[in-house]
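Okay, here's what each chain looks like letter by letter:
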Amino acid sequence: MGDPAGVGPELIAQVFRLQPSWSSRCVVVADLAVMRRAVAQSGGLLPLAVLEHWQQAADLPPRCVPLLPLPAMAELPPLGQVSAAAGRAAASAVEVATAAVLKGEAAALVTAPIHKGAWHAAGIHHPGHTEMLQALAAAHVGCTVEQLPVRMMLSNAELHTVLVSVHLPLRAAIDAVTHAQVLQTLQLTHRHFVQVLSRPRCRIAVAGLNPHAGEGGLFGREEIEHIAPAIAAAQAEGIDAQGPFAPDTVYMRARRGEFDVVLAMYHDQGLIPVKYLGLEQGINTTLGLPFLRTSPDHGTAFDLAGNGNADPSSLLAALRAALAHPDGLP
């Protein structure tokens, strides 16, 4: 459900209004009172079908919201406000839903937006969804977090970009640009497109870290010492990776169709181009998990919560991407 004080719950209600046939395919993990409020905010007259277990959703009629309820919150959190109670409830929803996909009770996971400040207030030590899902999956398969590397991919109809690092301060993100990190990101990207999406190939453009991709070492040596050697190692494994290219033009080239995906060296280098093209159809996909996870490419939008103006397009796109792979990952 995402943060119950944000737009996530009402966007979920809108989705089931727009796609009534999804009632037998999608289950919402949420607080009952939160979803009742969300349904009322989005126009009412949309029944909530409270389930005891996941399998009951398959027999539901259209035009209802299948709900696997969380333990009830003591009180509804105020809309548009950061609260520890909302953070705890959002994290609980992630834990319950992730357990279901890890046990094979569900094929994929779609997450509505959480508020990192609310998670922090609730004592959740993970910076965001990506890190929590990585930790939960690693614990399930019995390995360390380091042994289950994940990456974030942001996509829309015109552009895909994968990040070498995610939620790091910029100084730390620069230090994360290593041969091992870049090569691992290339491997995860190739695997997702070729194995998960069943593409015949994946043409990966690698952005440089520095202006003009370092200009032969004049503006930095990361391209020479780390990025280019990682590309060469990936090519030796049969991965179609090219670069490093100047980061200020590589996205235009990918948008023109030269490449299938751009590998970005840090968070904002990759997310600004995708989000500039529009949040409406943006999707966040976590690469490397043992299940398929997508989410909308926007935040909790506290300023819009409850006023009926939130746009469900990105959540619809994230759900369509998940439903396109009903068996989860190979």
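Given the structure is predicted, the values throughout are model-derived calculations rather than measurements.

Conventions and cut-offs
Residues numbered from 1 in each chain as written. Predicted model: local features only at pLDDT ≥ 70, side-chain atom pairs only at ≥ 80, totals over all residues. Heavy atoms only, no water. Phe/Tyr/Trp six-rings, centres within 6.5 Å; stacked < 30°, edge-to-face > 60°. Lys NZ or Arg CZ within 6 Å of the ring centre and 35° of its normal. 1 Å grid on protein atoms, 1.4 Å probe; cavity = no way out; pocket = protein on both sides within 12 Å on 5 of 7 lines; lining within 4 Å. Points joined across faces, edges and corners; volume = space filled by probe spheres on them. Helix = DSSP H or I, 4+ residues; strand = E, 2+ residues; numbered from the N terminus. Nonpolar A, V, L, I, M, F, W, Y, C, P; charged D, E, K, R; others polar. Buried < 20%, exposed > 50% of the residue type's maximum accessible area, 1.4 Å probe, protein only. Contact = heavy atoms within 4.5 Å. Salt bridge = Lys/Arg side-chain N within 4 Å of Asp/Glu carboxyl O. Pairing = 2+ DSSP bridges. Right-handed = clockwise from strand over helix to strand, strands pointing away.

*Asks:* So, the packing of aromatic side chains: which residues are in play, and what are the values?
*Replies:* One pass over the full model with this rule turns up one aromatic pair. Taking the ring centre of F245 as reference, the NZ or CZ of R253 above it sits at 4.5 Å.

*Asks:* Let's hear about empty space enclosed by the protein: which residues, and what values?
*Replies:* As enumerated under the stated definition, the model contains one cavity of 30 Å³ or more in all. Empty space within the largest cavity amounts to approximately 70 Å³. Taken together, 12 residues line the largest cavity, and the ones lying closest to its centre are R191, H192, T286, L287 and G288. Ranked by the residues each element gives to the lining of the largest cavity, the list is headed by helix 7 (residues 179-196), at four residues.

*Asks:* So what's going on with the layout of surface pockets? Residues and values would help.
*Replies:* Quantified by volume, the largest pocket comes out at close to 820 Å³. In terms of lining residues, the largest pocket is bounded by 36 residues, among which R25, C26, V27, A106 and A108 are the most central. Mapped by element, the contributors of at least two residues to the lining of the largest pocket are helix 1 (8-18), strand 1 (28-30), helix 3 (84-102), strand 4 (108-110) and helix 11 (313-323). It is helix 3 that provides the largest number of residues to the lining of the largest pocket, a total of five residues. Its residues assigned to classes, the lining of the largest pocket comprises 28 nonpolar, six polar and two charged.

*Asks:* Could you give me a rundown of the side chain of H129, with the residues and numbers involved?
*Replies:* Relative to the helices and strands, H129 resides in helix 5 (residues 129-141). Note on H129: relative accessible area 9%, which makes it buried. When near neighbours in sequence (up to four residues on either side) are disregarded, H129 contacts V94, T111, A112, P113, I114, W119 and R293.

*Asks:* Account for the pattern of salt bridges, with residues named and values stated.
*Replies:* Taken as a whole, this structure holds seven salt bridges when the rule is applied. In this structure, the salt-bridge partner of K103 is E105, at a minimum N-O distance of 3.9 Å. Residue E225 pairs with R221 through a salt bridge whose shortest N-O separation is 2.9 Å. Judged by its relative accessible area of 45%, E225 falls in the partly exposed class. According to the relative accessible area criterion, R221 is partly exposed, its value standing at 43%. A cluster of three or more residues bridged by salt bridges with shared partners is formed by R253, R256 and E258.

*Asks:* Go over the pairing of strand 7 (residues 204-207) with me, naming the residues and quoting the values.
*Replies:* Every second residue of strand 7 is oriented toward a common face, with I204 and V206 on one face and A205 and A207 on the other, all of them buried. Both strand 7 and strand 8 (residues 241-245) contribute to a ladder of three bridges, which runs parallel. Within the sheet, the bridge partner assigned to A207 lies in strand 8 and is F245. Considered for its hand, the β-α-β crossover made up of strand 7, helix 8 (residues 222-236) and strand 8 is right-handed.

*Asks:* Could you give an account of unusual backbone geometry, naming the residues involved and the relevant values?
*Replies:* A cis amide bond links G243 with the next residue in sequence, P244, at an omega value of 0 degrees. Looking at the secondary structure, you find P244 in strand 8. In this structure, H212 takes a positive phi of about 55 degrees despite not being glycine. Topologically, H212 is positioned in the loop between strand 7 and helix 8.

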